[in-house]
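Chain and residue survey
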Amino acid sequence: MSFTLPELPYAKDALEPNIDAKTMEIHHGKHHAGYTTKLNKAIEGTDLDGKTIENILINLDMSNTAVRNNGGGFYNHRLFWEVMSPDGGGEPTGELADAINAAYGNFESFKDKFSSAAGGQFGSGWAWLCVHEGGKVEVCSTPNQDNPLMPKVGCGGTPILGLDVWEHAYYLNYQNRRPDYVNAFFNVINWDKVSALYAQNK
Ligand code: MN3
């Protein structure tokens, strides 16, 4: 069994002006495709072949850089596409909103915390909102294609929202203005999807 590049759940220009079509095209069609191909190559013929990506990452040997980088890249981007929508933005409701308020006081404070994690990640990496068993949520960031599913990485838990802060994710449209890109991301967050992931993984 090998992993397949998932289709984007919307047209590549659907997130404009927040994320431009050219960036989406290269990011999905080149970067995510590249991680997928290299992941398949890295696991072919090993005992990881046939396992789910979650199982591979949770039990990862962190010294296996090919699986760490490309398995992370495969999983991270798949989540990233899913948690955005042209109908996104606004604020979460229901039990996810309750969990965010319990952890950070209110939505604005959460947004500040998440934006700081995204802005403060030196070099390439990701910002995350994760859920722990029991339902507590936590924000963190990780370098490169690492993610909190991996052993002793970031805040642990299961990622339910992820933001790619590699320059390839924003440089065409935003150049060095990462904070503007982070702010624009909040206009397209698919809170219905994030809430569903919260409910599935709490
Ligand atoms: Mn990327």
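Structure: above.
Note that the coordinates shown come from a computational prediction; the quantities given were computed from them, not determined experimentally. (Residues numbered from 1 in each chain as written. Predicted model: local features only at pLDDT ≥ 70, side-chain atom pairs only at ≥ 80, totals over all residues. Heavy atoms only, no water.)

1. Some remarks on the environment of Trp126
- By secondary structure assignment, the location of Trp126 is in strand S1 (residues 125-131).
- For the pair Trp126 and Ala102, spaced 24 residues apart in the sequence, the C-alpha separation amounts to 23 Å.
- Here the side chain of Trp126 touches Gln145 through a polar contact of 2.8 Å, side chain to side chain. (Helix = DSSP H or I, 4+ residues; strand = E, 2+ residues; numbered from the N terminus. Polar contact = N/O pair within 3.5 Å; in protein donor to acceptor, adjacent residues only side chain to side chain.)

2. Some words on the coordination of the manganese ion
- Protein coordination of the manganese ion is provided by His27 (NE2), His77 (NE2), Asp164 (OD) and His168 (NE2), with donor distances spanning 1.9 to 2.1 Å.
- Ordering the donors of the manganese ion by residue number gives the pattern H-x49-H-x86-D-x3-H. Of this pair, His27 sits in helix H1 (residues 21-43) while His77 sits in helix H3 (residues 65-82); the two residues are 50 residues apart in sequence, bridging distant segments of the chain.
- Taking the relative accessible area as the measure of exposure, His77 reaches 0% and is therefore buried. (Donors = N, O, S within 2.8 Å, 3.2 Å for Na, K, Ca; no water. Buried < 20%, exposed > 50% of the residue type's maximum accessible area, 1.4 Å probe, protein only.)

3. A few points about the packing of aromatic side chains
- Counted according to the given criterion, the structure contains 17 aromatic pairs.
- Seen from their ring centres, Phe3 and Phe74 are 5.0 Å apart, and the 45° between their planes marks the pair as tilted. Within this pair, whereas Phe3 is found in the segment before H1, its partner Phe74 is found in helix H3, the two being separated by 71 residues in sequence.
- Here the aromatic residues Phe80, Trp81, Tyr104, Phe107, Phe110, Phe114, Trp126, Trp128, Phe185, Phe186 and Trp191 are joined through ring pairs into a cluster of three or more.
- Lying over the aromatic face of Phe186, Lys111 brings its terminal NZ or CZ to 5.1 Å of the ring centre. (Phe/Tyr/Trp six-rings, centres within 6.5 Å; stacked < 30°, edge-to-face > 60°. Lys NZ or Arg CZ within 6 Å of the ring centre and 35° of its normal.)

4. A short note on the environment of Lys136
- Looking at the secondary structure, you find Lys136 in the loop between S1 and strand S2 (137-143).
- Residue Lys136 is classed as exposed on the basis of its relative accessible area of 53%.
- Taking the C-alpha atoms as reference, Lys136 lies 9.8 Å from Asp98; in sequence the two are 38 residues apart.

5. What to know about the state of the cysteines
- Scanning the model with the defined rule gives 1 disulfide in all.
- Put simply, Cys140 and Cys155 are joined by a disulfide, and their sulfur atoms are 2.5 Å apart. Taking the sign of the S-S torsion, about -55° here, the bridge from Cys140 to Cys155 comes out left-handed. Placement of Cys140 in strand S2 and of Cys155 in the loop between S2 and strand S3 (158-164) is noted, with a sequence separation of 15 residues between them. Cys155 carries the same exposure label as Cys140, and that label is buried. (Disulfide = S-S within 2.5 Å.)

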